[in-house]
Amino acid sequence: MKDEVTREERVENLKGLGCSRKRVEDARFTQGKGNYVDDIKLDGMLFGDFVRSPYAHARIKSIDTAAALEVPGVLAVLTAADLEPLGLHWMPTLAGDKQMVLADGKVLFQGQEVAFVVAEDRYAAADGMEAVEVEYEELPVLVDPFEALKSDVVLREDLVAEDGSIPAGAHGPRKHANHIFTWEAGDKEPTEQVIVNAEVVAEESMYYHRTHPCPLETCGCVASMDKVNGKLTLWGTFQAPHAIRTVVSLISGIEEHNIRVISPDIGGGFGNKVGAYPGYVCSVVASIVTGKPVKWIEDRMDNLMTTAFARDYHMTGKISATKEGKITGLHCHVTADHGGFDACADPTKFPAGFMNICTGSYDIPTAYLEVDGVYTNKAPGGVSYRCSFRVTEAVYFIERMIEVLAIKLDMDAAELRRINFIRKEQFPYTAALGWEYDSGDYHTAWDKALKAVDYEGLRAEQAQRVEDFKAGKTRKLMGIGLSFFTEIVGAGPVKNCDILGLGMFDSCEIRIHPTGSAIARLGTISQGQGHATTFAQILASEIGLPADSITIEEGDTDTAPYGLGTYGSRSTPVAGAATAMAGRKIRAKAQMIAAYLLEVHDDDVEFDVDRFVVKGAPEKFKTMKEIAFAAYNQAIPGIEPGLEAVSYYDPPNMTYPFGAYVCVMDIDVDTGVTDIRRFYALDDCGTRINPMIIEGQVHGGLTEALAVALGQEIAYDDMGNVKTGTLMDFFLPTAWEVPNYETDYTVTPSPHHPIGAKGVGESPHVGGVPCFSNAVQDAFRAFGNTHTNMPHDHWRIWKTANELGLHD
Amino acid sequence: MSKKMHIKLKVNGKDEEFLAEPRELLIYTLRERLNITGPHIGCETSHCGACTVTINGKSVKSCTMFAAQADGAEVTTIEGIGGPDDLHPLQTAFKEHHGLQCGYCTPGMITRATKLLEENPNPTEEEIRFGMAGNICRCTGYQNIIKSIQAAAAEMNAAKEAAE
C-alpha cells in the first residue's frame, strides 16, 4: 500500500503534544449548553439553605423552628439536634480536626451554619430562614492569632480535657487551648548559629493576608437518595469527586458502592471546591429525610464568608549572607490563622502544606522553618488558592526576603538572585528543608527574561524618574517588580502524600473502540483547564490515534477509575502521567497485534507516529486504526481480544516548574493608583502539551495574582464581622484593570515524568503575587521603604507614600 | 407571599406567559421557570455579569431585575444568539482565540459583546475593555476575550462589506 501522506502530515493529523489544539469543551460553553450543578433539575427537587450566625463567637441558647415549619413550602428544618442521633452534627476535616456541620451549642465564626431549611424552592427557603428563631449569647471574639495564643477565652472547649489540660492534636502537642500544632522543618540550632555569626543579616515580618479563591460559580450540590435501590447520587462542585465519595461513605455509613458522586461542569475552582462542606452533608441528610432530591447552592456572601479562605499567614524571616551577597542561612516562623476549625486542605503529613519550599530557587545551605497553627473566630478553610499547598506563601516569603536582603546589601535584586540560584548542574538538588528539585535551568531563564525587558534600561529609566521626582518634575514613581519562583506541584508520591489516608496517586483507563476511536476516563476533573482537550493530546502522541477521535471523561465515580482529583497543579504531573502510561500499555499490546498481522516477531516492529512498521521496511506497516480493528475481529494466539488499559500512577517525586517574571509599574504618589505598564512572564513547565492553553492559564493566573497583590482580601473587624462579603468590597479585577501580558518560555523537562511535563496552571499565581508586590515596594525603595504588607490598594499605597514623607 | 402578577415576555422569539410573585427575579424566571440555563448566577448583586441578557436592545443583569419589571419585554439570552447550525461570529471567535476556560462567564460575556459590537462595530482595545468591564471572568485574564471580540468584529465587518 502506498502512503500518500508525509510523516509530517501524519504527526499533524494527530494533534498531539505541542499542538495549540482548539478546545473541545467550547462548543457547549459558548452556546449556553454547559451543565453546571445549578442547571440540574430533578423531579420533585427541593432547595436547602442555611440560617447562619450573625456573630463570630456566641453560645446558642435556643433554636426555635416551629414558626419556620409553618411557612408555606417549607418541609423540614434541620439543626444539630436532628443530626446528632445520626452522628452527623460534626464531621472530620481534611486536616485531622473535626468541624460542626450545624452549630452544636456555639458558633465560632460569622456565617457559621446554624440550621438547614428545606423547602420547595429558593423563595420558600428564604422565607423559612427568616422565621427560624435563634437566641445567642455573645462571647468574647478573637480575630488576632497572637491574641488568641495569650487569651483565656477558649474557642474549642471540645479540645480541652476536663481537668483543663490540653491534649495533643492530629499534628502533635499543643501549647495553648487555642493552639493547633507546631510544625518544623530543617535544622534549628545550626541555622541560628549561621545567622548569629553571619556578616549580614536581614530581618522582616510580613503578613500574607486572608483572601478567597472566589470562582465565578459558587459551591453547591444536589443530593438524591433513591430509597428503592438504596443508592445515593451526589452531584456537586467537587474538585476531588472520588475523595468526596469516600468521605461521604465514611461519615454516613452508606457503603461506597451505593454512592455515586458526579462533578458536572465546574465554573472555576481555584481551590475553593476541594473541601467537604456542611452543605453537602445537610443536603444528603435532607434527601434521606424527605425522600426527595435536595439542592444546595451558596450565594456569593455564603461563599466569601464561609467556604475555603486562603492564606492568612503571619511570617517572620531572617536571611543571612556574606558581604558579597552569598546567602548562608534562612529562618522562617509562621503564625498561621486557621479560623474556628482546622479545615486546611493539605496532605495529612503536611499541616502547613509545602511551606518548606520556602528556600525558593536558591542554593541556601542551612534553613529552618517553624509553623504554629492557631484557632481564631474566623471561617475555617486554608485552601490552596491557585497554588500547590501553601506554595504561594512560601514563594512570597522568599521573594520578599531576597528583596529585603538586597536593600540591606545595597545590591541589585536581580544580581542577588543570580549569584544565589541553584545551578543547572546541581539538579537533582536537595534543598535544606528536604525537597529534591527534579530539574531546572534558572540562570538561562533569568538572563532571557532580563534581556527581554531590557533590565538595564529599565533601571536607568527608574533612576532618572527618581531624580525627576525629587526635582518636582513628576508625581509618578516607577517600580520594577522581579520574581523568580520554583513551584512544587504534582502531589504526590504515596510514600509521603495522602489525604485522609488516601494515597495521592491518580489514574487513567482507556478503551479503544474497534473503528479506531477511543474513550479515556480519569480520576481528575477539569474546572476550566481544558482536560478534555489536552489529555486527548497526550494520548494521541502515545497511541497514534487522532486527538479528535478520543473522548475524555472525568468526574463520574461510577465510571472513572479512582483518583484524587484536580488541585495543586496535579492533573498533568499525576493523571497526565497515568494517561501516558496507560497509553503505553495500549501500545505494547498493539505491537504484538501488529507483529502478528505483519507476520514478524514482536521485536521486529517499531512504533512510528500512528502505526507500527517493520524495522528496515517502512513500507510494511499496520496503522493503529487497523490494529484496533484487528483487536476485535481476529483470533490471535496468546492475546486476549479487545484493546483496553488502565494505569494507576504513583509519582516518584513532585515536579518543580519555575519561572522568571518582571513587572513594570507606575505609581501616582498622590492617589496611590497603580498603572501596570508591562508584565513579562517566562514559564518553564517542562514539556508543553498545548501552548494556547498554557498561555491562557498564565494570563488567568497572573490576573488572580494581580487581584491578591493589589486589593483582594477577606477582612474582619474586631467583632469578627466580615467586611468584604460581597463583590462590592471583594476585589475581582475587570477587563479595565488588567494589562496585557507578554508570555515566554524555556523548556526543562521533568526527568521522572513519562512525557517530561511539570504542570503550569498555578505557576503564574505563585510567581505573580510577589512580582506585583515587589513592583510596588521597589517604587519606594529609593525613599527608604523596606517592606509594606499587601494588599497594595490605592489607600495603602497612598499611606506608604505619606509615611515616607512624599506628600510633604 | 403576596399576590401573583400576570407577566408576559418574549424570550428568544418565543412568547411566554405566567403568574409570578412580584419578588421573582428575572434570572430565576429564566433558569427555573423557563429552563433557560445559559445565563448564570455569580453574585446576585449586579457585579459579575454572568446573568447578562438583552432586554429591548439593552444589556441587563437579570439577577437584579424583577420579572415583573420586564413585563412585555423582548428578552434575548445566549440561547437566542446562535446555535449549532447558525453560530454567531462571537461564539466562533471565543473558541478560536481561547476566550474562555471554565465557561461560566461565557454566556453573559458573549451576550454583552453582541450589544457592544452593535453599538460600536469597530471598538478599540480600550473601548472593549471599558465596554466589557461589567462582566467578570476569573479564568482568562481577559486578554483572549479582547482578542476574540476584536476577531469577531473584523469578521462581522468583512461580512457586512461583502454583503454591500
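Numbering of residues starts from 1 in each chain and follows the order in which that chain's sequence is written. Chains carry letters from A onward and ligands carry numbers from 1 onward, assigned in written order. Only residues with pLDDT of at least 70 get local features here, since the model is predicted, and only at 80 or more are side-chain atom pairs given and counted; chain-wide, interface and lining totals rely on the full set of residues. Side-chain calculation: all heavy atoms of the structure are included, whereas hydrogens and water are not.

> Talk me through the overall build of chain A; I want residue IDs and the actual numbers.
Helix and strand content of chain A: 20 helices and 33 strands. The quantity called the radius of gyration is restricted to C-alpha atoms. Its globule counterpart is 2.2 Å times the number of residues to the power 0.38. Computed over the C-alpha atoms, the radius of gyration of chain A is 28 Å, within 12% of the 28 Å expected from 2.2 N^0.38 for a compact globule of 808 residues. Principal-axis analysis of the C-alpha atoms places the extent of chain A at approximately 85 × 75 × 50 Å. In chain A, which comprises 808 residues, the share counted as buried stands at 66%. The contact definition used throughout considers only heavy atoms, calling two residues in contact when any of these lie within 4.5 Å. Counting contacts in chain A only where the partners sit at least 6 residues apart, residues at least 24 apart contribute 80% of the total. Only carbon and sulfur atoms are counted for the fraction: they give 50% of the accessible area of chain A, which is about 27,300 Å². A residue counts as positive if it is Lys or Arg and as negative if it is Asp or Glu; His and the chain ends are not included. By convention, charge coordinates are those of NZ in Lys, CZ in Arg, CG in Asp, or CD in Glu. Of the charged side chains in chain A, 73 are positive and 114 negative; the average position of the first set lies 4 Å away from that of the second. Helix numbers and strand numbers start at the N terminus; a helix is a DSSP run of H or I with at least 4 residues, a strand a run of E with at least 2. For every residue, the accessible area (1.4 Å probe, protein chains only) is compared with the maximum for its type, and the residue is labelled buried under 20%, exposed over 50%, or partly exposed between those bounds. Accessible surface area values rest on a Shrake-Rupley calculation with a 1.4 Å probe, where residue burial reflects the displayed protein chains alone.

> Would you mind going over the pairing of strand 2 (residues 58-64) of chain A in detail, with residue names and values included?
Residues and elements named next belong to chain A. Paired strands, as defined in this entry, are two strands with at least two bridges between them according to DSSP. Where strand 2 lies against strand 6 (residues 106-107), two bridges are found, and the strand directions are antiparallel. Paired with Arg-59 across the two strands is Lys-106, which belongs to strand 6. Bridge count for strand 2 against strand 8 (residues 133-138) is six bridges, and the pairing is antiparallel. When the sheet's bridge partners are listed, Ile-60 is paired in strand 8 with Tyr-136.

> Lay out the domain arrangement of chain B in plain terms, naming residues and giving numbers.
Residues and elements named next belong to chain B. Here chain B is described as being made up of domain 1 (5-80) and domain 2 (89-163). Inter-centroid distance (C-alpha atoms) of domain 1 to domain 2 is 22 Å. If you look at the interface, domain 1 gives 18 residues, while domain 2 gives twelve residues. A 1.4 Å probe defines the accessible area here, and the buried area is the portion of it lost by two parts on being joined, summed over both. Surface buried jointly by domain 1 and domain 2 totals about 1,100 Å² across both partners, of which 54% is contributed by carbon and sulfur atoms. Any Lys or Arg side-chain nitrogen located within 4 Å of an Asp or Glu carboxyl oxygen qualifies as a salt bridge. For the pair domain 1 and domain 2, the interface holds zero salt bridges. Nitrogen and oxygen atoms within 3.5 Å of one another constitute a polar contact, given that in protein one can donate a hydrogen and the other can accept it, and given that sequence-neighbouring residues count only through two side-chain atoms. At the boundary of domain 1 with domain 2, the tally comes to eight residue pairs in polar contact (both at pLDDT 80 or more). Going through the elements one at a time, strand 3 (52-55) and strand 4 (58-61) are the ones with two or more residues in the side of domain 1 that touches domain 2. Note that the domain bounds were set by an automatic or database domain assignment.

> Tell me about helix 18 (residues 691-710) of chain A, and please be specific about residues and values.
Residue and element names in this part refer to chain A. Expected span of a helix, by definition, is 1.5 Å for each gap between consecutive residues, and there is one gap fewer than residues. The end-to-end C-alpha separation of helix 18 is 28 Å, in line with the 28 Å expected for 20 residues at 1.5 Å each. Most of helix 18 is tucked away: 19 of the 20 residues are buried. Regarding helix 18, its N-cap is Asn-690, as a side-chain oxygen of that residue lies 3.0 Å from the backbone nitrogen of Met-692 further along.

> Quick rundown of the interface of chain B and chain A? Include the residues and the values.
Between chain B and chain A, the contact holds 53 residues from the first and 53 residues from the second. Interface area, chain B with chain A, both sides summed: about 4,600 Å², of which 54% is carbon and sulfur. Sorting the residues of chain B by area buried against chain A places Lys95(B), Arg138(B) and Gln143(B) first, and these three jointly supply 17% of that buried surface. At the boundary of chain B with chain A, the tally comes to five salt bridges. The salt bridge involving Asp39(A) is made with Arg31(B); its shortest N-O contact spans 2.7 Å. Applying the counting rule to chain B against chain A returns 28 residue pairs in polar contact (both at pLDDT 80 or more). Elements with a contribution of two residues or more to the side of chain B that touches chain A: helix 1 (26-33), helix 2 (89-96), helix 3 (106-119), helix 4 (125-131) and helix 5 (143-163) of chain B.

> An account of the side chain of Asp49(A) is needed here, citing residue identities and associated values.
Residues and elements named next belong to chain A. Within the element layout of this structure, Asp-49 appears in strand 1 (residues 46-52). This buried residue, Asp-49, is left without a salt bridge; Arg-52 holds the nearest opposite charge, at 5.3 Å. Contacts of Asp-49, omitting those with residues within four sequence positions, involve Ala-115, Phe-116, Val-117, Ala-125, Met-129, Trp-296 and Asp-302.

> Tell me what's going on with the domain arrangement of chain A, and back it up with residues and numbers.
Residues and elements named next belong to chain A. Taken as a whole, chain A is organised into domain 1 (7-34 + 506-649), domain 2 (37-141 + 218-266 + 274-306) and domain 3 (398-490 + 654-803). Opposite the nine residues of domain 2 that make contact, domain 3 presents eleven residues. Looking only at domain 2, the three residues that lose the most surface to domain 3 are Gln-110, Val-141 and Leu-304, adding up to 58% of its buried area. One can count two residue pairs in polar contact (both at pLDDT 80 or more) joining domain 2 with domain 3. At four residues, helix 10 (residues 300-306) tops the list of elements feeding residues into the side of domain 2 that touches domain 3. We call Asp, Glu, Lys and Arg charged. Ala, Val, Leu, Ile, Met, Phe, Trp, Tyr, Cys and Pro are nonpolar, and the rest, Gly among them, are polar. Among the residues making up the side of domain 2 that touches domain 3, the classes are represented as six nonpolar, one polar and two charged.

> Describe the sheet that holds strand 4 of chain B, and please don't skip the residues or the numbers.
Residues and elements named next belong to chain B. Here five strands make up an open sheet; going across it, the order is 2-1-5-3-4 and the pairing mixed. Each edge of the sheet is formed by a strand with only one pairing partner; in this case those strands are strand 2 (14-20) and strand 4. Between one strand and the next, the sheet's axes are offset by a mean angle of 40 degrees, whatever the strand orientation. Note that strand 3 and strand 5 (residues 74-76) share two bridges and pair antiparallel. Bridge pairing links Ile-55 to Val-75 in strand 5. Helix 1 rests against strand 1 (5-11), strand 2, strand 3 and strand 5 of the sheet, and its axis sits at about 110 degrees to strand 2. In this description, a line fitted to the C-alpha atoms serves as the axis of each element, helices being fitted only across the stretch in contact, and the angle between N-to-C directions of two axes falls anywhere from 0 to 180 degrees.

> Summarise the packing of aromatic side chains; cite the residues concerned and give the values.
Residues and elements named next belong to chain A. Only Phe, Tyr and Trp rings are paired, with Trp represented by its six-membered ring, and only when their centres lie within 6.5 Å; those with planes under 30 degrees apart are stacked, over 60 edge-to-face, the remainder tilted. Overall, the coordinates contain 39 aromatic pairs over all chains when judged by the stated rule. Considering the side-chain rings of Tyr-437 and Tyr-656, the 5.0 Å spacing of their centres and the 15 degrees angle between planes classify their relative orientation as stacked. Here Tyr-656 lies in the loop between strand 30 (644-649) and strand 31 (658-668) and Tyr-437 lies in strand 20 (residues 436-437), a separation of 219 residues in the sequence. Judged by its relative accessible area of 0%, Tyr-437 falls in the buried class. Pairing Phe-679 with Tyr-741 gives two aromatic rings, centres 5.9 Å apart and planes at 85 degrees, and the pair type is edge-to-face.

> Could you give me a rundown of the sheet that holds strand 28 (residues 611-614) of chain A, with the residues and numbers involved?
Residues and elements named next belong to chain A. Strand order across the open sheet formed by three strands is 27-28-29, with antiparallel pairing between neighbours. For this open sheet the edge positions go to strand 27 (605-608) and strand 29 (617-623), each flanked by a neighbour on one side alone. Here the strands of the sheet are splayed against their neighbours by 35 degrees on average, with no regard to which way each runs. Strand direction decides the pairing type here: strand 27 and strand 28, joined by four bridges, are antiparallel. Bridge assignment links Phe-607 to a residue of strand 28, and that residue is Phe-612. The sheet strands contacting helix 16 (residues 571-598) are strand 27, strand 28 and strand 29, and the helix crosses strand 28 at an angle near 45 degrees. Across the face of the sheet, helix 17 (residues 624-633) comes into contact with strand 27, strand 28 and strand 29 while running at roughly 50 degrees to strand 29.

> Provide a residue-level description of the environment of Leu149(A), including the pertinent values.
Residues and elements named next belong to chain A. Relative to the assigned elements, Leu-149 resides in the loop between helix 6 (145-148) and strand 9 (179-186). Using a relative accessible area of 27% as the deciding quantity, one classes Leu-149 as partly exposed. Remark: the alpha-carbon pair of Leu-149 and Lys-175, spanning 26 residues in sequence, is separated by 8.5 Å. Sequence-distant contacts of Leu-149, defined by excluding residues within four places in its chain, comprise His-176, Asn-178, His-179 and Val-374.

> Outline the packing of helix 3 of chain B against helix 5 of chain B, listing residues and values.
Residues and elements named next belong to chain B. Between helix 3 and helix 5, the shortest axis-to-axis distance is 11 Å and the interhelical angle comes to 45 degrees. Considering the angle they form, helix 3 stands oblique to helix 5. Crossing geometry of helix 3 relative to helix 5 is assigned as right-handed. Residue-level inspection shows Met-109, Ala-113, Leu-116 and Leu-117 of helix 3 in contact with helix 5, the latter providing Ile-145, Ile-149, Ala-152, Ala-153 and Met-156. Each angle is binned into one of four classes, with values under 35 degrees roughly parallel, values over 145 roughly antiparallel, values of 65 to 115 roughly perpendicular, and all other values oblique. Crossing chirality is assigned from the near helix's rotation relative to the far helix, an anticlockwise turn below a right angle marking it left-handed and a clockwise turn marking it right-handed.

> Could you give me a rundown of the pattern of salt bridges, with the residues and numbers involved?
If you walk through the whole model with that rule in mind, you get 66 salt bridges over all chains. A salt bridge links Asp670(A) to Arg475(A); the nearest nitrogen and oxygen atoms lie 2.8 Å apart. Residue Asp670(A) is found in the loop between strand 31 and strand 32 (674-684), and its partner Arg475(A) is found in the loop between helix 14 (455-470) and strand 21 (476-486); the two are separated by 195 residues along the sequence. The partner of Arg521(A) in a salt bridge is Glu553(A), and the shortest N-O contact between them spans 2.8 Å. Pair noted here: Arg521(A) is in strand 25 (residues 518-522) and Glu553(A) is in strand 26 (residues 550-554), with a separation of 32 residues, a long-range link. Via salt bridges that share partners, Asp38(A), Asp39(A), Arg122(A), Lys295(A), Arg31(B) and Glu32(B) belong to a single interconnected network.

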